[in-house]
Amino acid sequence: MMLNSYKDVLINSMEVSKAFNNLAAITQENTASIEEISASAEEVNASMQNVASISQESALAAQEVSFSTDELTVSTEEISGSSKQLANMAQNLQAMVAKFKM
């Protein structure tokens, strides 16, 4: 009877040991999966930071283009005003020259 009890304890101990080994293997697999997920999350985070940086650069470039366009508009308006003044001066000069021809 004692021998059977000892065998039962030994068998149960072996089953518990096997269960712990299985649990350890599953824990290692889970740890590896968590590390992979963490690495992927870090890559996604780095990519998002890169996208944010590119977006900021694009916004700054758009502001520079807008500022340059505004400057070009002002310059064009100044040139237009100067052209009108030159046209008026040319008409006045033609009128003066016409007086001398008579």
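Reference entry: report on the structure contained in this document.

Scoring rules and cut-offs
- Per chain, residue numbering runs from 1 following the sequence as it is written.
- Restriction of local features to residues with pLDDT of at least 70 applies here, the model being predicted, together with a cutoff of 80 or more for giving and counting side-chain atom pairs; totals for whole chains, interfaces and linings are based on all residues.
- The basis for the side-chain values is all heavy atoms of the structure; hydrogens and waters are excluded.
- Helix and strand definitions follow DSSP, with helices as H or I runs of at least four residues and strands as E runs of at least two, each counted in order from the N terminus.
- Radius of gyration: C-alpha atoms only; globule rule: 2.2 Å multiplied by the number of residues to the exponent 0.38.
- What sets the accessible areas is the Shrake-Rupley method with a 1.4 Å probe; for residues, cover comes only from the shown protein chains.
- Surface patches are defined over residues having more than 30% relative accessible area and no salt bridge, joining like charges when they lie within 9 Å and nonpolar side chains (Val, Leu, Ile, Met, Phe, Trp, Tyr) when within 5 Å.
- One side-chain nitrogen of Lys or Arg within 4 Å of one carboxyl oxygen of Asp or Glu is enough to make a salt bridge.
- Burial here depends on accessible area, computed with a 1.4 Å probe over protein chains only, as a share of the maximum for the residue type. Under 20% is buried, over 50% is exposed, and the range in between is partly exposed.

## Examining the overall build of the protein
Summing up its helical and strand segments, the protein has one helix and zero strands in all. In terms of C-alpha radius of gyration, the protein reaches 44 Å, well past the compact-globule figure of 13 Å for 102 residues. Along the longest, intermediate and shortest principal axes, the C-alpha atoms of the protein span 150 × 10 × 10 Å. When the accessible surface of the protein is summed, it comes to about 9400 Å², and 62% of that surface belongs to carbon and sulfur atoms.

## Overview of a nonpolar patch on the surface
A contiguous nonpolar patch, built from Y6, L10 and M14 and spanning about 350 Å² of accessible area, is present on the exposed surface. For L10, the location among the structural elements is in helix 1 (residues 2-101). Under the relative-accessibility criterion, L10 is labelled partly exposed at 43%.

## Some details on the environment of N22
Positionally, N22 belongs in helix 1. Overall, N22 belongs to the partly exposed group, its relative accessible area being 44%. Sequence spacing of N22 and K7 is 15 residues, and the spatial spacing of their C-alpha atoms is 22 Å.

## Section: the environment of I54
Within the secondary structure, I54 is located in helix 1. Sequence-wise, I54 and L72 are 18 residues apart; in three dimensions their C-alpha atoms are separated by 26 Å.

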